[in-house]
Amino acid sequence: MRLEPIANPTLARTTLPPAIAIVATVFIASILAMVAGANPFAVLGLIIKGAAGSKFALLETLNRATPLIFTGLSVAVAFRAKLWNIGAEAQLYAGALITVVLGTGMLPWASPALLPVIALCAMLAGAVVLMAPALLKVRFGVDEVVTTLLFNFIFLLFISLLLEGPLKDPMGMGWPKSQRLIAEARLPRIIDGLRLHWGFALALIAAVAVWVIQQRTTLGYEMRAVGLNKEAADFAGIPVNRVLIKTALLSGGLAALAGFSEVAGLKGNLTLDLSPGFGYTGIIVAMLALLNPLAVIASALFIAGIFVGADSMSRAIGVPTYLADIMLATALLLMVLAILLTRFRLVRE
Amino acid sequence: MDLFDILLSASFWTAAIRIASPLIFATLGELICERAGVLNLGIEGIMVAGAFAGWMAVYSGMGLWGGVAVAMLAGMMFGLIHSTLTVPFGLSQHVVGLGITLLATSLTYYAYRLALPEVTSPPKITAFKPYEIPVLSDLPLIGQALFSQTPLTYLAFVLVGLVSVVLYRTPLGLALRAAGENPSAVAAQGLSVTGLRMGAVIFGSGFMAVGGAFLTMSAFDSFFFEMVNGRGWICIALVVFGAWKPGKALLGAILFAAFDALQIRIQQTPLGANIPYQVFLMMPYLLSILALIAMSRRAEVPAALMVPFNKGER
Amino acid sequence: MGNSGEAQVVLRLNAITKTFGALTANDAVSLSLHKGEVIALLGENGAGKTTLMNILFGQYTADSGTVEVFGRELPPGNPRAALDAGVGMVHQHFTLADNMTVLENVILGTQSLWKPGLNRAVARDKINELAADFRLSVDPDARVGALTVGERQRVEILKALYRDARILILDEPTAVLTPQETDDLFETLRKAVALGLSVVFISHKLHEVMAISDRVLILRHGKMVAERNILDVDKHSLAALMVGAEVSAPKVEPGTPGSPLLSLRNVTTPDQGNAPGLKSLSLTLRAGTITGLAGVSGNGQAALADLIGGLTRPANGTLELDSADVGHWSPREAVHSGIARIPEDRHKTGTIADFNLTENAILETYHQPPMSRRGWMNWGEAQRATQHIIDTYDVRCPGPGTRIRLLSGGNMQKLILGRVLEAEPRIVLANQPVRGLDIGAVNYVHSELLSARKRGAAVLLISEDLDEIMALSDVIYVISEGRLSPGFARDSMTPAELGVWMAGHGFEAEQAHAS
C-alpha cells in the first residue's frame, strides 16, 4: 500500500471524501444516540433546532462561536507556521485575567478609552504566556506541544490561586470568583435588546485582519514559508526564529482576545469555569477550516451550533451532551483523512 | 530535619512507588510508540478510557485481571485508530493524537453518563490489594516500598524488564528500533514498516490504558472525571527524560513520583500550610518542563520520529 | 569472465512493463544475467533503472512481465521473495540505522521476528568470516553512525552476503566513493564473481562501467535500447547510446582570471555531527574564473557552502569580500553582497514545494522594494518578475501560479538559476548544480555558469563528479576532512592524481611545507 499523489483531481475527487466524512460523522453519532436509547432522527433534529431553530437559539450559537473564532484563529495562525500551540486555553485565561485586573476599577476611564486599552493589554498578556514555550522551542528545541499543554495546567492553577487570594471577590460568599467589571469595561451589545455583544464583531474583524496579514504582508509570507519548509526559509534568509516568535505573539494575542471578549462581553467576571475548553476546541475549529482564517468563522459557527444544539437536545431527551464532543472528534479525524484523500490515492503496488 | 525524616520513612517511598506505577505503564507505552517512530498524543485520552473501561468491567462483575484485560483492549482499539491514520496514511501525528485524546475522553464520559445516569458519586469497586511478598517485604525501608505493593505495581516493574529485553535482545526489538531510526532499512529487508509501527502503537496504547486502569483499580477504587489530569502529557516528558530507554524512563518516573509524594507531605507540614496548595499542584507540571529543558541538549531522539514512511517513494 | 553462451542464467526479467499514470517507466524491458558475470545497467536519471529494481524487489508490482531467479518465477509484489531467492541489493541511499551497531544492522530481518534471542556470537563469527573472504574490513560492534561512507557501503554489501546472496545488485555504488575506494569495491566485486556470484552494476559513470562489467545494457526513456559486449564499445559510443545522440558537451575555453572577489583566510568552523567543519582553510575566488572543488561527499563541502552562503560564520579566521572583512554575516548579507547561491538540494533547501513559482522566485528578495514596501507585498510585481524568469530561463510550466512540486528537476533548477542570476551577481556558489538532472538540463546549467564567468563573475563549483570539475574548472582544489589541497591549474592533474588527494593523502606534507 502506498500513497500516490493525484495530478489532476476530478471534481468528485475533491468533494466526495469530505462529504463522506460528514455523513460518516452523523452516522456514528446516530448509532451512539441509539445506544442511548434515543431515536437518532429526533436527536439530530433537536440539535439543529437547538442551534438555529429560534432567534434565541441562533443568538446563543453566535455568542458561543465568538470565543471559538478567536481561539480558532490563534491555532490557525500558529499551525500555519508549524508552531504547535496547544496552549490557547492558558492564553485565553491570561486575557481574561488582565481584563478583570484592569476592568474592575483600576483604570477609571470611559469606555472608548478603557476597552481598547484592556483589549491590547489582554493580547499582550496572551502573547507573553505563549512566549515561554516559544522561546524554549527556539532556544533549546523543546517540543512546544508538550510545554504548551503543561502550561495550560499550570496557568489554570495560577488563576485558581489568584481567585482564592488577591482577586477573590469579598462579596462572593466564599466562591472563587473575581469582582465584577465596572460598567465602562463591559462590551456593549451590537443592537439594543439583542443578546449579542461587540465581541462577535471584533472576532469577525480579527478573522479578516488575520487573512490580510497572511495574504498581503511580508510577515504572512514569512509565516507560510517557515511552516511549509523551515530549512528552505532559513537558507533563503528568512529569519526563522524571529518569525516563530512573531507568530507566537500573534497567536497568543488572538487567544487572549477570547478571554477578554468572554469576560467583558458575556460573563462580567472571572471564574474557573470561564472556558469549557474553548482553547482545545479552537484546534478543531482551525483544522476543519483548513487553517484558513475566513473559513474559521464558518467552522466556529458550525461547532458552536453543535455544542449549543447538543445542550438543548440533552435537556430535552437526556442523551448526554458529550455526544457533541464525540461528533467533533470524529469529524476532526475523518476530515483530516478526507482532505488527504482529495489529493492522494492509496494504491496497492 | 523534617525533610530528612520524610525521605527515610517507608510510607513515603511506598507512596512514591504507588504514584509512579501508572506513569511507568503509560511511559513504557509511549516509549514503544516513539521507538517505532510514532508520537502518540492520544495518551491522555487513552488513559482516561483505560481507567473507565477497567473499572466498569469490574463493576459489572468481571474479575480484577479481567478488568485489566478490558482496559488493555480498549486502549488497543484507540491505538488501532491512531495508527491507521498516522502510519499508512501518514497524517499529522500531532493532530491525530489530539483528536484521539478528545475522542477517547468524550466517548468515556458519554459511556459513563449512559451507564450511571442517576448517581451523584460514582460507585466503588473492590480494588487490587497490596500483596506482601514474603521475606523481601521485611527488608528495611525498601521492603515496604517495593515489596508490599499491589500486583499491578509488580506487573509494571516486570514490564520494564520485559520491554528492555524485547527491544535490545530480540529480532522484533531490533526491527522496531530500526523502524524508528531508518524505516527504509526495515523495508529493504522485506519487513513491513507499516506492520511494525502499527503493532507498536496498538500495544503501546494498550499499556497506556493499563496505566489509566491502575488509577481506578489500584490507586483508588472509583472513577472520577479529570482523574488522569495531565498524567499522559507528563509521561511524554518522561520518555524524553529517559532518553527513550526503558530503564532510565523507570528511574525518571520514580524520581518524579518521589517529588510528587514529597510535595504532598510538605503540604501537611506547618511550613507547607502557609503556601497556597495550588503551588504544590503546579509542581509536577513544572518539573516535567524542567526535565524537558534539561534533556533537550543531549536527548537521543529516534531519527525517524514523526516522519511518515511512504514505501517506494520516488 | 562470464561466458554468456554457456553459463547458467541466474536472473531473468521478461518484458517488464510499468506505468505511473501517463508515464511509462519501464516498457517491455528484458534482461538476463549469467552466473559469474558482471552486467552494467546504464542510463540517465529517469531512464527507469530504479523502477526496474523496485519491481525486482517487490516494492512495485509490474503491469506485465515476470521475474525469474534461478529459473523460478518470483511472486509479484512480495519484498521478501527476491531476498529469499538469493538476490541482494546495495542501495544508493544506504538503508542503515545509525543508532545501531554494524552487527545489528546486518542481522536485521534475518531471523524470525518472534524468536526470543539474537545469537550475536554466531552472527559475529559469520560476519568476520565474510569480511575476510571478501576483503570487507569493518568492526561488527561499531556504531554505524560513526562509520565513514566507504565503511557504510561495506556494511551494505555485508548485509547482502550475510543472507547468502548469489546475485548482487549495486545501485550507483561509486557516487560517494573516492577513486581508491572505488578500486577497493571493484576488488571485492571481482572476488565475489570468482566465488560464483553474479553482479548487476547500475551506473552512469562510463569509465567505471568499462572497467568492471562484461556486458552493458542501456536503458533510455524506459526502453532497453541496446545491449553490447564491453569489448565492442568505448566510452564515446556508450555515451551516445545513453542519450540517444552524439554528446556535445559545451566547449570550454580557459577563463581570464581577474581580481580576488572573495577570500577565506585560515577559516575554521566547528564539526556538525559526522560532517567535518573547515580546518584552517584558505581560498580565494577570482573574477572571471571557475574554481572547482572536488572531493568525496561529506568532507567539508557543506561547511564551506554554508559559510559562503551566509548560514554560518567562521569560528576562527576571516571571510573577506573585496579584501574587506565582512562584519555581520547571514544569508541575507550574502545575497546583498552579490553572492548567487545554488543550493545542493533543490527540493529541501532550494525551493518550497507547496509554494508556487512566484512565491519561490522571490524567496531572497521579498523583503525589499519592489517586491514589498513597509511590510506589504506587491504580488503584481512579484508575478511580473517571475514571468520574466520563466521566459528568460526557459522554465517549462503552466504559469507563475503553478506549485513548484509539479515541475521536473531541470525546470526547478532553471527557476533557481533565474532567481539568483537575474541580479548579475559577482560571485556564484554552485553546490552540486546538476545532480539528478538529465543531459539537456546539465548542459543548460553549465552554459549559464560559463556565461556568468564570461561577464566577470567568480564561480565556485562544488561537485562530487570529477569529470564535471575537470571539464569546467580553471583551477581545481580538493577538499578532504575539511582541509584544502593546493590549487591545481586545469589539465595539470590526472583523475588518479586528484584521487590521491581526495583519499586524504598529501595534506600533511603540504602543511609541513607551509609551516
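Conventions we followed
Residues take numbers from 1 onward in each chain, read along the sequence in its written order. To read the labels, note that chains go from A and ligands from 1, taken in the order they are written. It should be noted that, the model being predicted, local features are given only for residues of pLDDT at least 70 and side-chain atom pairs only at 80 or more, the latter also being counted only at that level, while totals for whole chains, interfaces and linings use all residues. Strands here are runs of E lasting at least two residues and helices are runs of H or I lasting at least four, both read from the DSSP assignment and numbered beginning at the N terminus. C-alpha atoms define the radius of gyration in this analysis, and the globule rule sets the expected value at 2.2 Å times the number of residues to the power 0.38. To assign burial, the other C-beta atoms lying within 10 Å of each residue's own C-beta are counted, with C-beta atoms placed from the backbone; 20 or more indicates buried, 12 or fewer indicates exposed, and intermediate counts indicate partly exposed. Contact criterion: two residues are in contact if their C-beta atoms, reconstructed from the backbone, are within 7 Å. Each residue receives one of three labels: charged for Asp, Glu, Lys and Arg, nonpolar for Ala, Val, Leu, Ile, Met, Phe, Trp, Tyr, Cys and Pro, and polar for the others, Gly being one of them. Residues enter a nonpolar core if they are buried, belong to Ala, Val, Leu, Ile, Met, Phe, Trp, Tyr or Cys, and are joined to the set through C-beta atoms within 7 Å. UniProt positions are given in the numbering used here, feature names are shortened, and annotations may be inferred rather than shown by experiment. When DSSP finds two or more bridges between a pair of strands, those strands are recorded as paired. To obtain each axis, a line is fitted to C-alpha atoms, and for helices this fit is confined to the stretch in contact; angles are then taken between N-to-C directions over 0 to 180 degrees. Any angle that falls under 35 degrees is termed roughly parallel, while one over 145 is termed roughly antiparallel, one within 65 to 115 roughly perpendicular, and all others oblique. Domain delimitation follows an automatic or database domain assignment.

1. So, the overall build of chain C
Phase 1: The number of helices and strands found in chain C is 18 helices and 23 strands.
Phase 2: At 25 Å, chain C has a C-alpha radius of gyration in line with the 24 Å of a compact globule built from 515 residues.
Phase 3: Summarising its shape, the C-alpha atoms of chain C cover approximately 70 × 60 × 50 Å along the three principal directions.
Phase 4: With 515 residues in all, chain C has 48% of them scored as buried.
Phase 5: Summarising the internal contacts of chain C: among those between residues at least 6 apart in sequence, 70% fall at separations of at least 24.

2. A few points about the overall build of chain B
Phase 1: Regarding its fold elements, chain B presents 14 helices and 0 strands.
Phase 2: Over its C-alpha atoms, taken along the principal directions, chain B stretches across nearly 65 × 50 × 40 Å.
Phase 3: Within chain B, the fraction of its 314 residues that count as buried is 55%.
Phase 4: Sequence separation of 24 or more characterises 79% of the internal contacts of chain B that already satisfy a separation of 6 or more.

3. Description of the interface of chain A and chain C
In many analyses, interface size is given as the accessible surface area lost on bringing the parts together.
Phase 1: Contacts between the two partners involve 15 residues from chain A, matched on the other side by 27 residues from chain C.
Phase 2: Secondary-structure elements contributing two or more residues to the side of chain A that touches chain C are α8 (218-228) and α9 (230-236) of chain A.
Phase 3: Top contributing element to the side of chain A that touches chain C by residue count: α8(A), with 5 residues.
Phase 4: Of the residues that constitute the side of chain A that touches chain C, the class distribution is 8 nonpolar, 4 polar and 3 charged.

4. Examining the nonpolar core
Phase 1: Membership of the largest hydrophobic core comes to 375 residues, with the highest contact counts inside it found for L257(A), L323(A) and A209(B).
Phase 2: The element best represented in this core is helix α10 (residues 193-219) of chain B, accounting for 15 residues.
Phase 3: Each residue touching L257(A), except ones within four places of it in the same chain, is listed here: F70(A), G95(A), A119(A), A122(A), M123(A), L202(A) and A206(A).
Phase 4: Core analysis: the next-biggest nonpolar cluster, separate from the first, contains 5 residues, L437(C), I439(C), A441(C) and V442(C) among them.

5. A closer look at the UniProt feature "transmembrane region" (unreviewed entry) in chain B
Phase 1: Summarizing the sequence annotation, UniProt attributes the feature "transmembrane region" (unreviewed entry) to residues 6-26, 38-58, 64-83, 95-112, 154-176, 196-217 and 278-296 of chain B in the numbering used throughout.
Phase 2: Annotated as residues 154-176 of chain B, this span is 96% helix and 0% strand, and its ends, taken at the C-alpha atoms, are 26 Å apart.

6. Here's the deal with the sheet that holds strand β14 (residues 316-321) of chain C
Residues and elements named next belong to chain C.
Phase 1: The antiparallel open sheet is built from 4 strands, whose spatial order is β12-β11-β14-β15. In this open sheet, the two strands that pair with only one neighbour each are β12 (281-286) and β15 (324-325).
Phase 2: In this structure, strand β11 (residues 260-268) lies alongside β14, joined through 5 bridges in antiparallel fashion. Bridge pairing links T268 to N316 in β14.

7. Digging into the pairing of strand β6 (residues 87-90) of chain C
All names here are of chain C.
Phase 1: The alternating pattern of β6 places V87 and M89 on one face and G88 and V90 on the opposite face, and all of these are buried.
Phase 2: Pairing of β6 with strand β7 (residues 167-171) involves 4 bridges; the strand directions are parallel. When the bridges of β7 are listed, G88 appears paired with L168.

8. Considering the packing of helix α7 (residues 151-169) of chain B against helix α8 (residues 171-181) of chain B
Residue and element names in this part refer to chain B.
Phase 1: Packing of α7 against α8 leaves a shortest axis separation of 5 Å and a crossing angle of 75 degrees. As summarised for this structure, α7 and α8 are arranged roughly perpendicular, according to the angle between their axes. For the pair formed by α7 and α8, the contact residues are V166, L167, Y168 and R169 on the first element and L172, G173, L176 and R177 on the second.
Phase 2: Looking at the contact of α7 with α8 residue by residue, the classes come out as 5 nonpolar, 1 polar and 2 charged.

9. Section: the interface of chain A and chain B
Phase 1: The partner chain B presents 38 residues to the 39 residues of chain A that form the contact.
Phase 2: Of all elements in the fold, only β1 (2-5), α1 (11-35), α5 (111-140), α6 (144-164), α11 (278-288) and α13 (322-343) of chain A reach the threshold of two or more residues within the side of chain A that touches chain B.
Phase 3: Residue composition of the side of chain A that touches chain B, grouped by class: 31 nonpolar, 5 polar and 3 charged.

10. Looking at unusual backbone geometry
Phase 1: A cis geometry characterises the amide bond from P369(C) onward to P370(C), with omega recorded as 5 degrees.
Phase 2: You can see P370(C) is positioned in the loop between α12 (357-361) and β17 (372-373).
Phase 3: Of note in the backbone geometry, E226(B) takes a positive phi value of approximately 60 degrees without being a glycine.
Phase 4: Along the chain, E226(B) turns up in the loop between α10 and α11 (231-241).
Phase 5: According to the C-beta neighbour criterion, E226(B) is exposed, with 8 such atoms within 10 Å.
Phase 6: Although it is not a glycine, H221(C) adopts a positive phi angle of roughly 50 degrees.
Phase 7: With respect to the helices and strands, H221(C) occurs in the loop between β9 (215-220) and β10 (223-229).
Phase 8: Among the residues examined, H221(C) registers 15 C-beta atoms within 10 Å and is labelled partly exposed.

11. Some details on the domain arrangement of chain C
All names here are of chain C.
Phase 1: By domain assignment, chain C separates into domain 1 (9-243), domain 2 (249-338 + 424-515) and domain 3 (349-422).
Phase 2: Listed as interface residues are 11 residues of domain 2 and, on the opposing side, 8 residues of domain 3.
Phase 3: Of all the elements, helix α15 (residues 439-454) adds the most residues to the side of domain 2 that touches domain 3, at 6 residues.
Phase 4: Taken together, the residues of the side of domain 2 that touches domain 3 break down into 7 nonpolar, 2 polar and 2 charged.

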